[in-house]
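Letter by letter, the chains look like this.
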Amino acid sequence: MNDRLEHVDSNQTYTMTGPAWTLKLVEERLAEAAAVLQRLPEPRRQGYFNTWPDYLHEFADLVSQEPKPMRLLPSPAAISRMEETLTWTIGLDSTDGRIVWMRAHNAPWKVICWKVGLQRSAANERWLYALCIIAMRLNRQPVPKNHSRRYVIGRMRDVFAADKWGCHPGTDTIATALLSK
């Protein structure tokens, strides 16, 4: 990946240091945040507590019970990454944000389509568009306002394909042309 990504526009220059955010990286980070959310302990209501001592079960009582699932608590670094990731969907269309989080929680497309009321192709396009918008914001690239979803998705695919081929924006004519579309 690049250590430095530049986007040259006619009026402004956008620079990002560090690795470039791709759709795959954004998707993986959202999935990690969803997994961390599921591993966090259940919230407890304040003010309610029990003064009774814990009941010690005898072996005969434990035989017919289902074992309680063990939960490994996430690390503090994982919780920090999750908290950062939760803010990424702010500013997205509510349907797009809902689709992104349902996909992060590994919901099947059939369930997603049923809940948001879209066909699979439309839901998939909205999901890809939302990932593109998030990646563009993280890369500090301008988000095209007057273009279709398909244009934005195609532009992001072209930019990261050029990066995969070793073209670097600002120095190579192919990557510069793709970014200036």
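Residues numbered from 1 in each chain as written. Predicted model: local features only at pLDDT ≥ 70, side-chain atom pairs only at ≥ 80, totals over all residues. Heavy atoms only, no water.

## Side note on the overall build of the protein
Right, on to step 1. A tally of helices and strands in the protein yields 8 helices and 2 strands.
Right, on to step 2. Beginning at the N terminus, the succession of helices and strands in the protein can be written as β-β-α-α-α-α-α-α-α-α.
Right, on to step 3. Here the analysis covers contacts within the protein between residues at least 6 apart in sequence; of these, 57% occur between residues at least 24 apart. (Helix = DSSP H or I, 4+ residues; strand = E, 2+ residues; numbered from the N terminus. Contact = heavy atoms within 4.5 Å.)

## As for the side chain of D96
Right, on to step 1. In this fold, D96 is placed in helix α4 (residues 94-104).
Right, on to step 2. By relative accessible area, which is 2% here, D96 ends up buried.
Right, on to step 3. Discounting chain neighbours no more than four positions away, the residues touching D96 are R126, Y129 and A130. (Buried < 20%, exposed > 50% of the residue type's maximum accessible area, 1.4 Å probe, protein only.)

## Focus: the environment of W109
Right, on to step 1. With respect to the helices, strands and loops of the structure, W109 is situated in helix α5 (residues 109-116).
Right, on to step 2. Here the alpha-carbon distance between W109 and S121, two residues 12 residues apart in the chain, equals 9.8 Å.
Right, on to step 3. Aside from chain neighbours lying at most four places away, what touches W109 is I99, R103, R120, A123, N124 and W127.

## Observations regarding the nonpolar core
Right, on to step 1. Grouped together as the largest cluster of nonpolar side chains are 36 residues, with contacts concentrated most on V26, L30, W88, I99, I112, W127 and I134.
Right, on to step 2. Where this core is concerned, the elements lending two or more residues are α1 (23-39), α3 (76-86), α4, α5, α6 (120-138) and α7 (149-164).
Right, on to step 3. Ignoring anything within four residues of it in the chain, the contact list for I134 reads V26, L30, W88, T89 and L92. (Core = buried A, V, L, I, M, F, W, Y, C linked by side-chain atoms within 4.5 Å.)

## Notes on the packing of aromatic side chains
Right, on to step 1. Under the defined criterion, the tally for this structure stands at 2 aromatic pairs.
Right, on to step 2. Consider the rings of W109 and W127, whose centres lie 5.8 Å apart with planes at 80°: the pair is edge-to-face. Of this pair, W109 sits in helix α5 while W127 sits in helix α6, and the two are 18 residues apart along the sequence. The pair formed by W109 and W127 is uniform in burial state, with each residue classed as buried. (Phe/Tyr/Trp six-rings, centres within 6.5 Å; stacked < 30°, edge-to-face > 60°.)

## Side note on the pattern of salt bridges
Where charged atoms from two side chains of opposite charge come close, those side chains can pair.
Right, on to step 1. Tallied over the full model, the rule gives 5 salt bridges.
Right, on to step 2. In this structure, E84 engages R29 in a salt bridge whose closest nitrogen and oxygen atoms are separated by 2.9 Å. A residue pair is termed long-range when its members are at least 10 positions apart, and E84 in helix α3 and R29 in helix α1 qualify at 55 residues.
Right, on to step 3. On the accessibility criterion, R29 (13% relative accessible area) is buried.
Right, on to step 4. Between R81 and E32 there is a salt bridge, with the nearest N and O atoms lying 2.6 Å from each other. You can see R81 sitting in helix α3 and its partner E32 sitting in helix α1, a full 49 residues away along the chain. (Salt bridge = Lys/Arg side-chain N within 4 Å of Asp/Glu carboxyl O.)

## Brief notes about α1
Working note: α-helix, 3.6 residues per turn, so residues spaced by three or four point in the same direction.
Right, on to step 1. In this model, α1 (17 residues) spans 25 Å end to end at C-alpha, consistent with the 24 Å of a helix rising 1.5 Å per residue.
Right, on to step 2. Taken together, the buried positions of α1 are L23, V26, R29, L30, A33, A34 and V36. Buried positions in α1, seen along its axis, are confined to an arc of 160° and lie on one side of it.
Right, on to step 3. For α1, the elements touching its buried residues are α3, α4 and α6. (Expected span 1.5 Å × (residues − 1). Arc of directions from axis to C-beta.)

## Some thoughts on α6
Right, on to step 1. The first and last C-alpha atoms of α6 sit 27 Å apart over 19 residues, in line with the 27 Å expected at 1.5 Å per residue.
Right, on to step 2. One or two residues past the end of α6 sits R140, with phi positive at roughly 60°.

## Description of the confidence of the model for the protein
Right, on to step 1. Mean pLDDT over the protein: 80, with 77% of residues reaching 70 or higher.
Right, on to step 2. Averaged pLDDT values over the elements of the protein bottom out at 39 in strand β1 (residues 4-8) and peak at 96 in α5.
Right, on to step 3. Counting contacts from residues 1-17, a segment whose pLDDT is below 50, to residues more than four positions away or on other chains yields 42 contacts.
Right, on to step 4. A low-confidence stretch, residues 168-177 (pLDDT under 50), is modelled with 16 contacts involving residues beyond four sequence positions or located in other chains. (pLDDT = per-residue confidence, 0-100.)

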